[in-house]
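Architecture and fold: a report
In case you want the letters, here they are:
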Amino acid sequence: ADAVRYGKILLGGMALAALAPDARAAGFALKEQSATAQGNAFAGATAGAEDPSYMFFNPAALGFQSGWQAQAVVSRVMPRSELKDATGTTLPPISAPIGGPDSDGDIGDDGTVPAVYLTGELPHDWHVGLSVTAPFGLSTSYPDAWVGRYHGTDSALKTYNIGPTVAWRPVPWLSLGGGVQIQYADAELQNRIDFGTIGAAATIPGAIPTAQDGRVRVVGDDWATGFTLGAIAEPLAGTRVGVAYRSEVDHTLSGDGDFVLDRAGIGAALSGLTGRFVDTGVTAGLTTPESVSFGVRQQLGKRWAVMADWQWTGWSSIEELRLDFDNPAEPDNVTEQRWNDVWFAALGATWWPSDAWTLRAGVAYDQSPVTDKHRTPRIPDGDRYWLSLGVGWKPTNWLSVDAAYTHIFVEDTEVDLTTAGVGNQFRGNLAADYENGIDIVAISGRVRF
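Residues numbered from 1 in each chain as written. Predicted model: local features only at pLDDT ≥ 70, side-chain atom pairs only at ≥ 80, totals over all residues. Heavy atoms only, no water.

Across its full length, the chain holds four helices and 19 strands. Computed over C-alpha atoms, the radius of gyration of the chain comes to 24 Å, within 12% of the 22 Å expected from 2.2 N^0.38 for 449 residues, which places it in the range of a compact globule. Across its three principal directions, the C-alpha atoms of the chain cover 80 × 40 × 30 Å. For the chain, the residues scored as buried account for 55% of the 449 residues in total. (Helix = DSSP H or I, 4+ residues; strand = E, 2+ residues; numbered from the N terminus. Rg over C-alpha atoms; globule rule 2.2 N^0.38 Å. Buried < 20%, exposed > 50% of the residue type's maximum accessible area, 1.4 Å probe, protein only.)

See the structure below:
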């Protein structure tokens, strides 16, 4: 009967994961995998092991879970990224202003991030677990006519991670864990093409810069694998320290590039001359970054605990976005990224006013990997500061419910790009300011069998 329930919950979790995480976090990572840990701004997530969701941050947390448990988490991420004062011009020798609205409000799309966890305790101090999570994702959307339309209009990345995990407690004070990441990635990119400027540069009769736009839409997906490792030690009663590692996952996305030509016929004339701008297959590399985290959690009597976490993430693996078209006449489309490795640090506290209720709070600093020189409108990211509150309710021994709210103060950012070349479809210059912020609401339910 337990196996039947286990399978039903897994299938339900995979259906929930199909809701697609259209949300942004630092870079394009999504920390929002636990309402419990979010209440502490993810302080102590590497060492806490308070419920099954902590196995996302450290597989060794599985070793501290007793019996058989199931947990579902739903986080609603509401980013705000207001575009301000955007201007653009084509590059010499054309040098024409790019018209269009400066702003159409918020370009960050709200999204739901689901997660499901199943854990079981086996004989001889072994523990098994399975998770379905969405660890990376982003979605931004601009109007087709905005001034930066040649750099990007729509961007979306969705990932789904299936994580079988195992942990072993060779002694009561130590848990060792590891897991496999089976990751599916699905991406879509769109931007307009300035056939008017390209045609004028090629002396096509009737070509008018920035007035004869086409469009390209690229989609691709891939399955790939990685792994996680971790350990949690409790050298003294009430004191836990943890370390965890999450590997890179290297994807080669493959799919289609679909071109829509302008109505004036400039794109058709260019296609006839060059063989370009026709529908074709496309591939692109995507590496989700490796990370190392350290955490500590200290119990202070029966009613209080304090915790801290530090995480390093290797975003320097993101050097460029390169679209490689199967059509040999279509040159690679390249956007330089050159992201930096970054760190995240958090402090938190938990108070139990009674056996049934838990109150949490936390603060964090989350460094952005995006550099000022290479910031693009697809991810106009900046450093962020977290403020989180959480509450937990345990009405019975077999049921607990947790909720959290976070406001993230994100630094205002600027985009200042100059991009030339046929391979980049004459994107032109772009300058824009962004005012950013994020709100997150999460809720989870846990059942013990």
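Glancing now at the environment of H374. By the secondary structure assignment, H374 is in the loop between β16 (357-366) and β17 (384-396). With relative accessibility at 13%, the residue H374 sits in the buried group. Once the C-alpha coordinates of H374 and W398 are considered, the two residues, 24 residues apart in sequence, prove to be 50 Å apart. Sequence-distant contacts of H374, defined by excluding residues within four places in its chain, comprise E336, Q337 and R338. (Contact = heavy atoms within 4.5 Å.)

A cluster of acidic residues, D85, E411, D412 and E435, forms a negative patch on the protein surface. Within the secondary structure layout, E411 lies in strand β18 (residues 399-419). Owing to a relative accessible area of 35%, E411 belongs among the partly exposed residues under this scheme. (Patch = residues over 30% accessible without salt bridge, like charges linked within 9 Å, V, L, I, M, F, W, Y side chains within 5 Å. Areas by Shrake-Rupley, 256 points an atom, 1.4 Å probe, with all protein chains shown as cover. Salt bridge = Lys/Arg side-chain N within 4 Å of Asp/Glu carboxyl O. Lys, Arg positive; Asp, Glu negative; His and termini not counted. Charge placed at Lys NZ, Arg CZ, Asp CG, Glu CD.)

Turning our eyes to something else, we now look at empty space enclosed by the protein. A full pass over the atoms with the stated rule returns six cavities of 30 Å³ or more. The wall of the largest cavity is formed by 32 residues, among which K31, F56, S291, Q311 and T313 lie closest to the centre. Among the elements of the structure, β7 (213-236), β8 (239-246), β11 (291-300), β12 (304-313) and β15 (342-351) are those that each provide at least two residues to the lining of the largest cavity. Class assignment for the residues of the lining of the largest cavity results in 21 nonpolar, seven polar and four charged. (1 Å grid on protein atoms, 1.4 Å probe; cavity = no way out; pocket = protein on both sides within 12 Å on 5 of 7 lines; lining within 4 Å. Points joined across faces, edges and corners; volume = space filled by probe spheres on them. Nonpolar A, V, L, I, M, F, W, Y, C, P; charged D, E, K, R; others polar.)

We now examine the pairing of strand β10 (residues 280-288). Buried residues dominate β10, accounting for seven of its nine residues. As paired elements, strand β9 (residues 249-260) and β10 share nine bridges and run antiparallel to each other. The partner of D250 across the bridge, within β10, is T287. Both β10 and strand β13 (residues 320-325) contribute to a ladder of three bridges, which runs antiparallel. Considered in β13, the bridge of V282 is made with F325. (Pairing = 2+ DSSP bridges.)

F42 and W386 are the most contacted members of the largest nonpolar core, which totals 36 residues. With residues up to four places along the chain from it excluded, the contact list for F42 reads K31, E32, S34, A37, F57, D309, F344, A346 and W386. In terms of nonpolar packing, the next biggest core, distinct from the first, is built from 17 residues, I193, F195, F259 and L321 among them. (Core = buried A, V, L, I, M, F, W, Y, C linked by side-chain atoms within 4.5 Å.)

To continue, consider the packing of aromatic side chains. For the structure on display, the rule yields 23 aromatic pairs. Geometrically, the ring pair formed by F42 and W386 is edge-to-face, given 5.7 Å between the ring centres and 85 degrees between the ring planes. In this pair, F42 sits in the loop between α2 (35-39) and β1 (69-89) while W386 sits in strand β17, placing the two residues 344 residues apart along the sequence. Classification of W386 as buried rests on a relative accessible area of 4%. On the numbers, 5.8 Å between centres and 15 degrees between planes, the contact of W304 with W351 is stacked. Of this pair, W304 sits in strand β12 while W351 sits in strand β15, and the two are 47 residues apart along the sequence. Relative accessible area serves as the criterion here: at 42%, W304 is assigned to the partly exposed category. What links up through ring pairs into an aromatic cluster is the set F42, Y54, F56, F57, F344 and W386. (Phe/Tyr/Trp six-rings, centres within 6.5 Å; stacked < 30°, edge-to-face > 60°.)

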